[in-house]
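# Secondary and tertiary structure notes
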Amino acid sequence: MRARTSLLTQHNAMAAASFLYLIILATASSVNCANQASNGSCFPAEKAALLSFKAGITGDPANLLTSWRQGHHDCCQWSGVTCSSRTGHVVKLDLRNPSPTYGYGGHSLRGQVSLSLLALRRLRYLDLSMNTALGDTMDMPGFLGSLKSLKYLKLSSMGFNGIIPPQLGNLSKLVQLDIANDYGYNYQYSKDISWLARLQSLEHLNMACVNLSRVDDWFHTVNALPNLVVLILRFCSLNMSNAPSSLLHHNLTVLEELDLSENPLNSLAAPNWFWDVISLKSLNLAACELSGTFPDELGNLTLLETFDISFNNMEGMMPGTLQNMCNLISLDLSANNISADIREVIDMIPSCSWKNLQELKLVRANISGTALQFVSNLSSLSMLEISGNQLSGSVPMEIGMLTNLSYINLSNNNLSGSLPTEIGMLTKLTDLRLGQNNLSGAISEDHFAGLVNLKNIVMCPNNLEFVIDSHWVPPFNLEVAGFSSCHLGPKFPKWLRRQKGISILDISDTCLVGTIPNWFSTTFSQASSLDISLNQLTGELPPSLEFISVTVLSMQSNLLTGLIPKLSRTVKVLDISRNYLNGFVQNFRAPQLEVAVLFSNSITGTIPTSICRLQKLRVLDLANNLLSKELPDCGTRELEQWIPSNNNSPRVNSTSSFSLKITTLLLSNNSLSSGFPLFLRHCASLMFLDLAQNKFTGELPRWITEAMPSLVMLRLRSNKFSGHIPIELTSLQAVRILDLSNNKFSGAIPQYLENLKGLTGNATDSVGNPFEEAYGKGIGFIIVGSYSDSFSVVIKGQVLEYRKNTLYLMSIDLSCNSLTGEIPEELSSLAGLINLNLSSNLLSGNIPHKIGNLRSLESLDLSKNTLGGGIPQSLTNLTYLSYLNLSYNNLSGRIPSGHQLDILKADDPASMYIGNPGLCGDPVPRHCSGSPIDPPTGEDSARWSGDVLFQMDFLLGSIVGFVVGTWMVFCGLLFMKRWRYAYFGQLDQLYDRLYVISVVTWRKWFMNTYGN
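Predicted, not measured: the structure shown is a model, and the values here were computed from it. In every chain, residue numbers begin from 1 and rise along the written sequence. Selection of residues for local features in this predicted model requires a pLDDT of at least 70, selection of side-chain atom pairs for listing and counting requires 80 or more, and totals for whole chains, interfaces and linings are taken over all residues. In computing side-chain properties, one takes all heavy atoms of the structure into account and sets aside hydrogens as well as water.

## Some points on the side chain of His 447
Secondary structure is summarised from DSSP: a helix means a run of H or I of at least four residues, a strand means a run of E of at least two, and numbering begins at the N terminus for each. Positionally, His 447 belongs in the loop between β27 (438-443) and β28 (456-458). For His 447, a relative accessible area of 4% corresponds to the buried category. Counted as a polar contact is a pair of N or O atoms within 3.5 Å, where, for protein atoms, one must be capable of donating a hydrogen and the other of accepting one, and residues adjacent in sequence contribute only when both atoms are in side chains. Polar contacts involving the side chain of His 447 include one to the main-chain carbonyl oxygen of Leu 419, which spans 2.6 Å. In this structure, His 447 is in contact with Leu 419, Pro 420, Thr 421, Ile 423, Gly 424 and Ala 442, ignoring residues within four places of it in sequence. Remark: exposure states derive from per-residue accessible area (1.4 Å probe, protein chains only) relative to the maximum for the residue type, with buried under 20%, exposed over 50%, and partly exposed in between. Between two residues, a contact is recorded if the distance between any of their heavy atoms is within 4.5 Å.

## Some remarks on the packing of aromatic side chains
In this description, an aromatic ring pair is defined by two values, namely the gap between the centres and the angle between the planes. Ring geometry is summarised as follows: Phe, Tyr and Trp rings, the Trp one being its six-membered ring, pair when their centres sit within 6.5 Å, and such pairs are stacked at plane angles under 30 degrees, edge-to-face over 60 and tilted between the two. Counted by the stated rule, this structure contains 27 aromatic pairs. Look at Trp 472 and Phe 476: their rings are 6.1 Å apart centre to centre, the planes differ by 70°, and that puts the pair in the edge-to-face class. An aromatic cluster of three or more residues is present, and its members are Trp 218, Phe 219, Trp 273, Phe 274, Trp 275 and Phe 307. Whether a charge sits over a ring comes down to the Lys NZ or Arg CZ being within 6 Å of the ring centre and within 35 degrees of the ring normal. Stacked on the ring of Tyr 125, the Lys or Arg Lys 92 has its end atom at 4.5 Å from the ring centre.

## Remarks on helix α2 (residues 44-55)
Taking 1.5 Å per residue as the helical rise, α2 with its twelve residues ought to reach 16 Å, and the 16 Å between its terminal C-alpha atoms agrees with that figure. Listing the buried residues of α2 in full gives Glu 46, Lys 47, Ala 49, Leu 50, Leu 51 and Phe 53. Here the buried face of α2 lies against β1 (57-59), β2 (81-83) and β3 (90-94). Multiply 1.5 Å by the residue count of a helix minus one, and that product is the helix's expected span.

## A short note on the pairing of β27
When DSSP locates at least two bridges between a pair of strands, those strands are taken to pair. When strand β25 (residues 416-417) meets β27, the two strands line up parallel, connected through two bridges. Considered in β27, the bridge of Ser 416 is made with Asn 438. Sheet topology note: the β27/strand β29 (residues 463-466) ladder contains four bridges and is parallel. In the strand pairing of β29, Gly 441 is matched with Leu 464.

## Notes on the state of the cysteines
Working definition: a disulfide is two cysteine sulfur atoms within 2.5 Å of each other. Going through the model one piece at a time under the given rule, you end up with five disulfides. The disulfide that involves Cys 612 links it to Cys 634, with 2.0 Å between the sulfurs. Looking down the S-S bond of the Cys 612 and Cys 634 bridge, the torsion is -95°, so its handedness is left-handed. Separated by 22 residues along the polypeptide, Cys 612 in the loop between β40 (604-605) and β41 (619-621) and Cys 634 in the loop between β42 (626-629) and α7 (636-642) bring together distant segments of the chain. Just as Cys 612 is buried, Cys 634 falls in that class too. Between Cys 683, a free cysteine, and Cys 634, which holds the nearest cysteine sulfur, the sulfur-to-sulfur gap is 7.6 Å. Exposure remark for Cys 683: the relative accessible area of 0% places this residue in the buried category.

## Section: the environment of Gly 869
Here Gly 869 is to be found in strand β59 (residues 868-869). Relative accessible area serves as the criterion here: at 28%, Gly 869 is assigned to the partly exposed category. A C-alpha to C-alpha distance of 5.2 Å links Gly 869 and Leu 891, two positions 22 residues apart in sequence.

## With respect to the confidence of the model for the protein
pLDDT: the predictor's confidence for each residue, scored from 0 to 100. When pLDDT is averaged along the protein, the result is 84; 84% of the residues meet or exceed 70. Per-residue pLDDT stays below 50 along residues 1-40; that stretch engages in twelve contacts with residues further than four places along the chain or on separate chains. Segment residues 638-656 is flagged for pLDDT under 50; beyond a separation of four residues in sequence, or across chains, it makes 21 contacts in the model.

## Focus on the pattern of salt bridges
Put simply, a salt bridge is a Lys or Arg side-chain nitrogen that is within 4 Å of an Asp or Glu carboxyl oxygen. Counted according to the given criterion, the structure contains nine salt bridges. With a closest N to O distance of 2.7 Å, Arg 589 and Glu 546 form a salt bridge. Here the residue Arg 589 occupies a position in the loop between β38 (580-584) and β39 (595-597), and Glu 546 occupies one in the loop between β34 (536-540) and β35 (552-554), the gap between them amounting to 43 residues. Owing to a relative accessible area of 23%, Arg 589 belongs among the partly exposed residues under this scheme. Note on Glu 546: relative accessible area 22%, which makes it partly exposed. Between Arg 715 and Asp 690 there is a salt bridge whose closest N-O contact spans 2.7 Å. One end of the pair, Arg 715, is in strand β47 (residues 713-715); the other, Asp 690, is in strand β45 (residues 688-690), and 25 residues separate them in sequence. What makes Asp 690 buried here is its relative accessible area of 2%. Three or more residues are tied together by salt bridges with common partners; here these are Arg 717, Asp 739 and Asp 813.

In structure tokens:
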């Protein structure tokens, strides 16, 4: 027995020694492999695969792959590559775009994802995300499903297009899958996500912005992932049709983050399955079309730290069960109808989380009240956003107790009074937004004393006055500053000189006077938006504007003089209207200019030929200046001057191939002359053209429609154009404003007016506004868009100014010309017309009898012509008509009445018809012969027509019956002798009987009367 035990002991010892030897051998082998891999060379196959991947990359703006070189033998040292310290194999490839931008390009890799990645068989981590140009609108590569060792796959925002490959379901070891299409460049979708159920190790799933609307059972597929910790399905077009309202049994027992935001769930907030996932720490239901009251089930989520249910249709206060949520860190109830006092809202927040809550967002939640001081109970608050409500009262001094605040937005309320100096105690504050209130009082250095981290401040518009010493040194370095409508003046604030990092500056309407300081261009050289408009700044524009990096420059409504200098190569929007500028410098340039608003200055001379090189210009407004002569032709000579030559091609191919992108050209109220500008041949995108009140002459060319097919507005009024109106103008299918008034046009109004589809009322396409800048860049508190130009329209007997409402005007004005002939009947088909003015011409014939079809008409002026005949009864159908002028024609007959015609010009209704001696009836003095007949309504007309038809049928039947009956009797007596004898025998007997009766009766009456 002892021998057996000894033998067994020896055997175990030998086995242990052998096992230890194998371990040492394996370790040594691994170390040798690792040493080999790191000894100036990684595994050749993997290095070749990486170089092959690089070969497929056609662009590398961020130089991510600079170190990937054949001569650099150790690929484990290459940028983005990580090898196993044990085996030496490539296990991680991280090529995420370090500086993503919204849009293709930027720092993104370009090219294709190479098949060579399949050689990296030990790869566990692959991140190519944010390389928007690498996907290049192709399908996501399905071969990635063959990298069986992958645990982390991140392909978000790569510009892929099409279906999500189901081969990803082969990656059974996957722990994190991120294939979100966050930037939404292309359309990614899936019809079947059942392959997800095979990824049993998955903990993190992000499919944001992938369309899953055609997936039948998305919830049960997701519910089959028991290890899921993070689930992000934002903007996936999900609905609740295939999701249970509650969960008795579910596998999502460790789910901590759920994001279903921006899906059209379109249901009541409760019951819903997500209230039963009690492990949740973050729940995002923003913009899910949820409605009803806040559910009591909220109290189930006791671990919840972040809750966002903003932008839904929820009503009322949060339930009392919310008090169970003691871990709450962030709460967003914005854009719901809370409809409560701010004090109630603060009390609703669990008191046990007051010291934890860091973010509170209640934007546009219908909250009122004045008790803002209660916010001071939330001592850990770092973000407070209660903008767009009905808060009143003053900003409380207790705001200074929230020492952790970094962001505060109380804008767009009814706050009043002065701003407490305690706000200067918020040393962590980076954003201060108090605009759109009624704040007043003085702002001093004390308000900013401790704001060392302040980056963004928006105080506009308020009635605040900045009383700051000229030698004050601010403790902050601003990036965004908005002080519009505050009082900063009268002198330009010197403390702004130290804000050299500012990106957006708005000091419009701040009572500034004097000249622009010489440090303006250098201090704000890196700014993207500068607005100093609506002040009283004088002097010339600084020539150094050429060297700043501004994109939007607004200086309108000042007292600036001199020439417009060369502008920065970056400027896209320029508004220097309503000044006293008198011209352009020689060789004026602004290569990136898109919007130029220069109206109401004193600019003289000609429009510079440099306009021909502004290839990106879309809006040019030079109205109300002193410009003269003709527009540049942008012909061969101008193009040769500005377009650079190519060594391999002619300097200018042809002027016909040259085009500008201008959509809005406003040149009214100048002294421009010559014929219709040939410059416009190059403006194929033009939509709004205003040449009114100039000195243009000659005939209109027939190429207008061909050269500018998208015209919406054509205003040529008050020029000296002559000849016939080209019939080609009726092919402008988009035109809505056609104003050729006050010229010398002759001949007939063109036929085929029904082709003006934009005036028929059937056009559904949306057109822009000539006074809305197409470069619409929202920058926090500033919306670069509309500007203050306008144009005048003769409508309703007066001159009205149209600005933003231009979009809704549909008008034809051909007045004050020498047009002859009749008014075309086709005019009645333009049912969308609001204004029709054909006055002061030589038109004859009758008013079209179907003019009542113009149901949208508000103003009709046919005065001072030679129109004859009667006034059509259909005019009474124009229920929107508020102005009518038919005076000084040859109209005759009774004036129709009813509906709008009875209430027009109540003070002097006869003036609408004066100068037509043939007219009679109310309201003119001349009476019509015969009794007036009330005009029938539509219902009366139908009933009258029915009655007349019935009476005519009855009368016709009676006549026919009488004739037929009479002839039957007559023919019977004529041809039947026996009938004739019997008939006349009966007549004789009847006659005898009547005679006897009458004689006897008369005799008795006579005897009774005279016998007595």
